[in-house]
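Structure at a glance
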Amino acid sequence: MQSEYAYDSKIEGDVIVTRVDAALNWFRANSVWPMPMGLACCAIELMAVGASRFDISRFGSEVMRFSPRQSDCMIVAGTVTYKMAACVKRIYDQMSEPKWVIAMGACASTGGMYRSYATLQGVDNIIPVDVYVSGCPPRPEAVLDALMKLQGKIKKEPVLQDLVALKPLLGQNQ
Amino acid sequence: MTALESANQIKVQFGDIISEPAEFRGEISLKLADADKLVEVCNFAKKTLGFDFLVDITSVDNYGEDPRWTVVYHLRSLVHNVELRLKTDVSEEKSALPSVLSVWRTANWHEREIYDMMGIRCVGHPDLRRILMWEGYPYHPLRKDFPLAGKPTDLPGVAFTRVTPMEGGPFVTLPTKEDSIAREPRVRVPEDAEPGVSDKRLVKK
C-alpha cells in the first residue's frame with residue numbers, strides 16, 4: 001500500500017530531471033515582469049500588447065509593475081529626452097537584479113526622427129539594452145517577438161555561475 | 001464687431017504707437033511701436049473690446065536685423081467671435097518686455113516658454129523659470145544662431161546634452177501632392193526647399 005507521503009504520479013505527473021541552471025532560467029524567462037517606461041506614442045502600442053488581442057500574459061509578462069523594485073524588464077517605449085534621461089537611468093538603477101531592457105521603437109533605440117538638441121540619441125547611451133525593436137511605433141507583434149527573443153536570451157544565461165561569482169559580495173551568511 | 005473695427009478702435013485710442021491694421025488672408029494684425037505700453041493696450045483690448053481669451057504668445061527671431069525680436073500676441077474674443085494679432089518689436093540689448101499676466105492669467109506659461117526658448121524676459125512675471133528645458137541649461141534653443149544639433153552641456157545630477165550627429169541633415173519633408181516617396185523626409189539643398197516645389201530629383205520629365 002502506497003504511503004500518503006510518497007510521490008503520487010497519478011496526481012502530480014511525471015518527474016522531470018533538469019539542471020538548476022535550466023530550472024532557474026525557466027522560472028525567470030516565463031515571469032518577466034515589465035517596468036513600462038512609457039514616454040511617447042509607443043506606450044499606446046505597449047498598452048495594446050497588454051490588452052486582450054495581443055495579450056502579453058501568454059508569455060507570463062502581464063504583471064506591469066509601476067515600481068522598479070518589483071520589475072525585471074524595463075520596456076523603454078518612446079522618445080527619451082535629455083530632461084527625462086536622468087529619471088530613466090535612476091529608475092533603471094532602482095530595479096533589482098536580474099534586470100533587462102527592451103528599447104521599443106526607433107526613438108528609444110536611436111533617437112529616431114528627433115535629431116535635435118533635446119533628444120537622447122538612443123537609450124543605450126545611458127543604460128544597457130538587451131533587445132532593440134524597430135518600428136515607429138512597432139506593431140504589438142514586434143514587441144511580443146522582442147519578448148520572445150529576450151526569453152531566449154534569459155534561458156542561455158549562466159545563472160549558477162553568476163550566483164557563485166556574486167557570493168563574495170553577498171557576505172558569509174548567503 | 002469685426003476684427004477690423006476692433007483694430008481701428010485700438011488705433012483711435014492709442015494713436016501713433018499703433019500701426020495701420022494689416023490684413024492678410026482675412027486676419028488682422030496690429031503693430032505696437034512702444035512695447036512699454038503693451039499692458040495698457042492689452043487691458044483696453046480685453047476690458048473694452050471683449051478680447052477675453054489669449055490664444056497664444058509667440059516670438060520671432062529676425063536674426064541679423066534690428067530689432068532682433070518680434071513678440072506676437074494672438075487675441076480672441078469669444079463674445080464677438082473675432083481674432084486679432086498684436087505684434088511688438090524688442091531689441092536684442094533689451095530682450096525684455098512687460099508681462100501681460102495681469103491681463104490674462106493664461107500668459108503665465110506662454111511667457112515662461114518664450115523666456116526658455118528665445119531668452120526674452122517678461123518683466124513683472126512672478127515665476128519666470130524655464131518650462132521645457134531644465135534650470136541651469138545655458139542656452140535658448142529656438143534662437144537662429146543656436147544649432148539644431150545642440151551644444152554639449154553637463155549639469156551633474158540633472159541632465160546632460162551632446163551634439164547630435166546630423167549625418168548631412170536636417171531631413172526636411174515637403175508639402176506635395178505626389179506619393180509618399182516624394183514626401184519622405186530627406187536631405188534637401190536650399191533650392192529644392194522652395195515652397196510648392198517638390199523634390200526635383202523626382203520630377204517626371
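Our structure is the block above this text.
I will try to describe carefully the structure that is included in this document. Everything quoted here is computed from the prediction, not taken from an experiment.

Here we look at the sheet that holds strand S2 (residues 27–32) of chain B
Residues and elements named next belong to chain B. Read across the sheet, 5 strands follow the order S1-S2-S5-S4-S3 without closing on themselves; strand pairing throughout is mixed. Each edge of the open sheet is held by one strand with a lone partner, namely strand S1 (22–24) and strand S3 (53–61). Across the sheet, the axes of successive neighbouring strands diverge by a mean angle of 25°, strand direction being ignored. Strands S2 and strand S5 (82–90) of the sheet are contacted by helix H1 (residues 3–14), whose axis makes an angle of about 40° with S5.

Focus: the sheet that holds strand S1 (residues 34–38) of chain A
Residues and elements named next belong to chain A. Strands sit in the order S1-S2-S3-S4 across an open sheet of 4 strands; the sheet is parallel. Of all strands in the sheet, those with a lone pairing partner are S1 and strand S4 (131–133), marking the two edges. The mean inter-strand angle of the sheet, taken between neighbouring strand axes irrespective of direction, is 15°.

Regarding the environment of isoleucine 10 of chain B
All names here are of chain B. Checked against the element boundaries, isoleucine 10 lands in helix H1. We classify isoleucine 10 as buried; it has 22 C-beta atoms within 10 Å. With 31 residues separating them along the chain, isoleucine 10 and valine 41 place their C-alpha atoms 7.4 Å apart. Apart from residues no more than four positions distant in its own chain, isoleucine 10 is found in contact with Ile18, Leu30, Val41, Phe44 and Ala45.

Cut-offs and rules
Residues numbered from 1 in each chain as written. Chains lettered and ligands numbered in written order. Predicted model: local features only at pLDDT ≥ 70, side-chain atom pairs only at ≥ 80, totals over all residues. Pairing = 2+ DSSP bridges. Helix = DSSP H or I, 4+ residues; strand = E, 2+ residues; numbered from the N terminus. Axes fitted to C-alpha atoms, helices over the stretch in contact; angles between N-to-C directions. Contact = placed C-beta atoms within 7 Å. Buried ≥ 20, exposed ≤ 12 C-beta atoms within 10 Å, placed from the backbone.

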